[in-house]
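Here are the chains, one letter per residue:
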Amino acid sequence: MKLSALQKFILKENFLNSRQGKISRRSFDNFYSQIKKAPAKKIRANIITKSIERLIDKGLLIGFGEKTQHKLFITHTKLTSHGLKTAKGLLGKQSQLPFKKRK
């Protein structure tokens, strides 16, 4: 299954912080701190939302949030068992350079 760089980042973040349970979607904004020409904040929110929804459709994530009459707002995510296996596989693959180690 093909995954974008953002989707891989989302899965890795969920896996590394899985002991906390649900992960806030605000932590996914850190993906754009690595990119020199990042899109505007409003566009980032739409991109992250679509990536999360696509991962939910693939069965890799569970989304938690609020549902209104017209829209669903995803606030937290959690890995499924299939997502856990996929994230472990992603951590085993070699990363692209330059690799910045986060503390």
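See above for the structure.
Residues numbered from 1 in each chain as written. Predicted model: local features only at pLDDT ≥ 70, side-chain atom pairs only at ≥ 80, totals over all residues. Heavy atoms only, no water.

**Focus on the nonpolar core**
Here is a general trend for soluble globular proteins: nonpolar side chains tend to be buried in one another's company.
Stage number 1. Of all hydrophobic cores here, the largest spans 19 residues; its most connected members are Ile10, Leu11, Ile52 and Leu55.
Stage number 2. With 5 residues, helix α1 (residues 5-16) is the largest single contributor of residues to this core. (Core = buried A, V, L, I, M, F, W, Y, C linked by side-chain atoms within 4.5 Å. Buried < 20%, exposed > 50% of the residue type's maximum accessible area, 1.4 Å probe, protein only. Helix = DSSP H or I, 4+ residues; strand = E, 2+ residues; numbered from the N terminus.)

**Structural notes on the packing of α1 against helix α2 (residues 41-58)**
Stage number 1. Relative orientation of the contacting elements α1 and α2 amounts to 70 degrees, with a least axis distance of 10 Å. When the interaxial angle is binned, α1 and α2 end up roughly perpendicular. Mapping the contact onto sequence places Leu6, Gln7, Ile10 and Leu11 in α1 and Ile47, Ile48, Ser51, Ile52, Arg54, Leu55 and Lys58 in α2.
Stage number 2. Across the contact of α1 with α2, the residue classes break down as 7 nonpolar, 2 polar and 2 charged. (Axes fitted to C-alpha atoms, helices over the stretch in contact; angles between N-to-C directions. Parallel < 35°, antiparallel > 145°, perpendicular 65-115°, else oblique. Contact = heavy atoms within 4.5 Å. Nonpolar A, V, L, I, M, F, W, Y, C, P; charged D, E, K, R; others polar.)

**Topic: the layout of surface pockets**
The gaps left among the atoms become clear once a water-sized probe is rolled over them.
Stage number 1. There is about 250 Å³ of room inside the second largest pocket.
Stage number 2. Around the second largest pocket, the lining residues are Arg25, Asn46, Thr49, Lys50, Glu53, Lys71, Leu72, Phe73, Ile74 and Thr75.
Stage number 3. Elements with a minimum of two residues in the lining of the second largest pocket: α2 and β3 (72-79).
Stage number 4. Each residue belonging to the lining of the second largest pocket can be placed in one class, and the counts come to 3 nonpolar, 3 polar and 4 charged. (1 Å grid on protein atoms, 1.4 Å probe; cavity = no way out; pocket = protein on both sides within 12 Å on 5 of 7 lines; lining within 4 Å. Points joined across faces, edges and corners; volume = space filled by probe spheres on them.)

**Comments concerning the side chain of arginine 25**
Stage number 1. Looking at the secondary structure, you find arginine 25 in the loop between β1 (23-24) and α2.
Stage number 2. Salt bridges are absent for the buried arginine 25, whose nearest opposite-charge side chain, aspartate 29, sits at 6.7 Å.
Stage number 3. Side-chain polar atoms of arginine 25 contact the backbone oxygen of isoleucine 74, separated by 3.3 Å.
Stage number 4. Setting aside its immediate chain neighbours within four residues, arginine 25 contacts Ala45, Ile48, Thr49, Ile52, Ile74 and Thr75. (Lys, Arg positive; Asp, Glu negative; His and termini not counted. Salt bridge = Lys/Arg side-chain N within 4 Å of Asp/Glu carboxyl O. Polar contact = N/O pair within 3.5 Å; in protein donor to acceptor, adjacent residues only side chain to side chain.)

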